Amino acid sequence: MEERLARLQEKYEAMGQDMTSYLDGLLYADFLTYWDYIHLDTLLSLQNPKTPFPDEHIFIIYHQITELYFKLCLHECEQITEAQPLTVEFFTARLKRINRYFEALTQSFEIMVDGMEKEQFLKFRMSLLPASGFQSGQYRMIEIYATDFVNLVVSDKREELRNATVEEQFEYLYWKFGATELSTGKKTLTLKQFEKKYAQTFINLGKASIKHNFYALYNRFKADGMSTPALENELKQLDANVNVNWPLSHYKSAVRYLNREPEEIKATGGTNWQKYLPPRFQKRIFYPALWSDLEVENWGKGWVEKVLREG
């Protein structure tokens, strides 16, 4: 105890503070409770349905959980890009954490898909316009951290824009083409809102990540002969989790709730889910060098066919 008090004294003296005053404060401070520490009352008050349908609570809570997992992912992304020096072991360990977060999300998506009555969903969703899960800024930031910005460009423009500026590439990001009006091809209000709030944030992060995104970091380790099979496996798993498994969990949900003969129902915000969600259309791949030509050619195809059979 005396040793600890001496170390505390050194700590506070180094900061020009009086340790005794801090100890007096501890005498009067209340003990911390679980509910205060995680702000439980505030957290439980953040669900505000727009309709009287009970299942809207499920929809809100699951999306809030999703955003919290995305925040965990971004926390790991920041640790990777800011580590000085970054080691292969640290990089691999943090990627493994991100993969676990995405796997938990993907596996739990069935809770929402199976947990809502279709009739309720198709009614309360109309009260959410033009809001859409498409507008998750955190998800877009994870993508930017994960790969070269050009790999997020729509597939038929990637080679043309490979040496373009981030601003030029931004105009052709793949997700913009999934948020156009189905009848006119014009930007939906959903997309206009999203760009107004996040465009500059995405561009700035894209510029800051040119030399520090995961693909750039991996290529640096590889060039120095320091890459490992474990690192490459985690990168490939991240690629599959973010670009195949997670979009397809949404695709499966869309097939279940929005696929109605003879005409599919539009997603909230008018997003073109039939072209936006299936990986085989986007061919969005974070780490193309880690996959064979055949794997790239058939990217997500088997998964999509399985979802359609099950749907």
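Residues numbered from 1 in each chain as written. Predicted model: local features only at pLDDT ≥ 70, side-chain atom pairs only at ≥ 80, totals over all residues. Heavy atoms only, no water.

1. Re the overall build of the protein chain
Moving on, step 1. Summing up its helical and strand segments, the protein chain has 16 helices and zero strands in all.
Moving on, step 2. Out of the 311 residues belonging to the protein chain, those deemed buried represent 44%.
Moving on, step 3. In the protein chain, once contacts between residues fewer than 6 apart in sequence are set aside, the share between residues at least 24 apart is 71%.
Moving on, step 4. Carbon and sulfur atoms provide 54% of the accessible area of the protein chain, an area that totals close to 17,900 Å². (Helix = DSSP H or I, 4+ residues; strand = E, 2+ residues; numbered from the N terminus. Buried < 20%, exposed > 50% of the residue type's maximum accessible area, 1.4 Å probe, protein only. Contact = heavy atoms within 4.5 Å. Areas by Shrake-Rupley, 256 points an atom, 1.4 Å probe, with all protein chains shown as cover.)

2. Remarks on the side chain of glutamine 169
Moving on, step 1. Within the element layout of this structure, glutamine 169 appears in helix H9 (residues 166-170).
Moving on, step 2. Separated by 2.9 Å, the side chain of glutamine 169 and the backbone oxygen of leucine 161 make a polar contact.
Moving on, step 3. If we ignore the near neighbours within four places in the chain, the residues touching glutamine 169 are Phe149, Val150, Val153, Leu161, Arg162 and Ala164. (Polar contact = N/O pair within 3.5 Å; in protein donor to acceptor, adjacent residues only side chain to side chain.)

3. Quick notes on the packing of helix H8 (residues 137-146) against helix H10 (residues 189-208)
Moving on, step 1. At a minimum axis distance of 10 Å, the contact between H8 and H10 shows a crossing angle of 20°. Relative to H10, the element H8 lies roughly parallel. Of the two possible hands of crossing, H8 and H10 adopt the one that is right-handed. Of the residues in H10, those touching H8 at Gly137, Arg140, Met141, Ile144 and Tyr145 are Phe194, Tyr198, Thr201, Phe202, Leu205 and Gly206.
Moving on, step 2. Class assignment of the residues belonging to the contact of H8 with H10 gives a composition of seven nonpolar, three polar and one charged. (Axes fitted to C-alpha atoms, helices over the stretch in contact; angles between N-to-C directions. Parallel < 35°, antiparallel > 145°, perpendicular 65-115°, else oblique. Left-handed = near helix turned anticlockwise from the far one by under 90°. Nonpolar A, V, L, I, M, F, W, Y, C, P; charged D, E, K, R; others polar.)

4. A few points about the pattern of salt bridges
Moving on, step 1. For the structure on display, the rule yields ten salt bridges.
Moving on, step 2. Lysine 207 is the salt-bridge partner of glutamate 167, the closest N and O atoms lying 2.4 Å from each other. Taken together, the residues glutamate 167 in helix H9 and lysine 207 in helix H10 connect sequence positions 40 residues apart.
Moving on, step 3. Between glutamate 195 and lysine 176 there is a salt bridge, and its shortest N-O distance comes to 2.7 Å. Within this pair, whereas glutamate 195 is found in helix H10, its partner lysine 176 is found in the loop between H9 and H10, the two being separated by 19 residues in sequence.
Moving on, step 4. Taken together, the shared-partner salt bridges in this structure form one network comprising Glu171, Lys176, Lys187 and Glu195. (Salt bridge = Lys/Arg side-chain N within 4 Å of Asp/Glu carboxyl O.)

5. Looking at the nonpolar core
Moving on, step 1. Within the largest apolar cluster, 68 residues are counted, with the highest numbers of intra-cluster contacts made by Phe91, Phe102, Trp175, Phe214, Leu235 and Tyr287.
Moving on, step 2. Secondary structure elements with two or more residues in this core: helix H5 (56-82), helix H6 (88-115), helix H7 (118-124), H8, H9, H10, helix H11 (214-223) and helix H12 (229-258).
Moving on, step 3. For this core, the leading source of residues is H6, giving ten residues. (Core = buried A, V, L, I, M, F, W, Y, C linked by side-chain atoms within 4.5 Å.)

6. Things to note about the packing of aromatic side chains
Moving on, step 1. The final tally for this structure, using the stated rule, is 26 aromatic pairs.
Moving on, step 2. Here the aromatic residues Tyr62, Phe70, Phe102, Phe109, Tyr139 and Trp246 are joined through ring pairs into a cluster of three or more.
Moving on, step 3. The ring of tyrosine 198 carries lysine 197 above its face, with NZ or CZ at 5.4 Å from the centroid. (Phe/Tyr/Trp six-rings, centres within 6.5 Å; stacked < 30°, edge-to-face > 60°. Lys NZ or Arg CZ within 6 Å of the ring centre and 35° of its normal.)

7. What to know about the environment of cysteine 73
Moving on, step 1. Tracing the backbone shows cysteine 73 in helix H5.
Moving on, step 2. Owing to a relative accessible area of 0%, cysteine 73 belongs among the buried residues under this scheme.
Moving on, step 3. Sequence-distant contacts of cysteine 73, defined by excluding residues within four places in its chain, comprise Ile98, Tyr101, Phe102 and Ile142.

8. Quick look at a nonpolar patch on the surface
Moving on, step 1. A cluster of nonpolar side chains, namely Met1, Leu5, Leu8, Leu23 and Leu26, defines an oily patch on the protein surface of about 480 Å² accessible area.
Moving on, step 2. At the level of elements, helix H1 (2-14) and helix H2 (19-28) are the ones that each hand at least two residues to the nonpolar patch.
Moving on, step 3. Looking at leucine 23, the relative accessible area reads 31%, which means it is partly exposed. (Patch = residues over 30% accessible without salt bridge, like charges linked within 9 Å, V, L, I, M, F, W, Y side chains within 5 Å.)

9. Some words on the environment of histidine 250
Moving on, step 1. Along the chain, the position of histidine 250 falls in helix H12.
Moving on, step 2. With 141 residues separating them in the primary sequence, histidine 250 and phenylalanine 109 have C-alpha atoms 8.1 Å apart.

Read these as layout, nothing more, since geometry by itself doesn't imply function.
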